Amino acid sequence: MNHHLVLRVVSKLLIPFILLFALYVQFHGDYGPGGGFQAGVLFASAFILYALIYGVDNAREVLPPKALRFLVPVGLIIYALTGFASIVMGGNYLDYDVLAHDPQHGQHLGILVIEFGVGTTVAAVMVTIFYAYAGRTRDVDDEDW
Amino acid sequence: MFIGATAALLVAMALTLIRAFAGPTLFDRVLAANSFGTKTVLLIGVLGFLTDRPEFLDIALLYALVNFIGTIAVLKFFRYRNLGLSNTEAADREEID
């Protein structure tokens, strides 16, 4: 897509802001609309845009599938460990009240950490799915349609 | 005033939908889908103020970004029949055409 100058320039300008907006949705999700899943999808959509414009092979160098295979379980482990942390600190599984001295702060902290885990996993899974679809398609000829 | 704007937007969205289904060529349909997405962004914004929840603007912004990416994906797929082509491969494909 080398000759699509407008597309390349606009995408280059837009990608950092998409990432920034994803982080905003992630960490402001407890006050406004948003949360882990939405932020993860948005974060992944920035990489998908990069892959669309510059090709999946270049995107694989930016975000290697090995790192994705590592990030998918890491988000889940963050989620699970938060639950176990609240057990260790004397509450039920995922009982955020005990995570800090003040129950309200505990709720805030717990939801923030959990949403971060969800966001990590969702972003990694979305990019993995895109790689799987876009990277392995065989070329379609006009006769196949 | 917001109710009037919402009604006007819904009418415009219905018109773009008609174009999307009736459009004789692929590009009419893509353009209609894209402008339907833009109308959706506006509708979410207006609905946010109609229901006194201006934080809907965040969702509208998000929808604008994703709509842009979706349109590029559809156009790239129908131009090159492959979503993952890189610059050089796409250039080769252009020469064959």
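Provided above is the structure to which this section pertains.
Residues numbered from 1 in each chain as written. Chains lettered and ligands numbered in written order. Predicted model: local features only at pLDDT ≥ 70, side-chain atom pairs only at ≥ 80, totals over all residues.

K.L.:
Explain the environment of Phe77(B) here, please?
P.N.:
In this fold, Phe77(B) is placed in helix H3 (residues 56-80). A C-alpha to C-alpha distance of 30 Å links Phe77(B) and Leu57(B), two positions 20 residues apart in sequence. (Helix = DSSP H or I, 4+ residues; strand = E, 2+ residues; numbered from the N terminus.)

K.L.:
I'm lost on unusual backbone geometry in this one. Help?
P.N.:
Outside of glycine, negative phi angles account for most residues, and trans bonds account for most peptide bonds. Phi at Leu94(A) takes a positive value of approximately 60°, unusual for a residue other than glycine. Relative to the helices and strands, Leu94(A) resides in the loop between helix H4 (65-88) and helix H5 (103-135). For Leu94(A), a count of 16 C-beta atoms within 10 Å corresponds to the partly exposed category. Not every positive phi belongs to a glycine, and Asp52(B) is a case in point at roughly 60°. For Asp52(B), the position within the fold is in the loop between helix H2 (26-50) and H3. (Buried ≥ 20, exposed ≤ 12 C-beta atoms within 10 Å, placed from the backbone.)

K.L.:
Please explain the interface of chain B and chain A as it appears in this structure.
P.N.:
For interface size, the figure often reported is the accessible area lost on association. At the junction of the two partners, chain B supplies 21 residues and chain A supplies 25 residues. At the level of secondary structure, the elements contributing two or more residues to the side of chain B that touches chain A comprise H3 and helix H4 (87-96) of chain B. Of the residues belonging to the side of chain B that touches chain A, the class tally is twelve nonpolar, four polar and five charged. (Contact = placed C-beta atoms within 7 Å. Nonpolar A, V, L, I, M, F, W, Y, C, P; charged D, E, K, R; others polar.)

As far as function goes, none of this settles anything; it's purely spatial.
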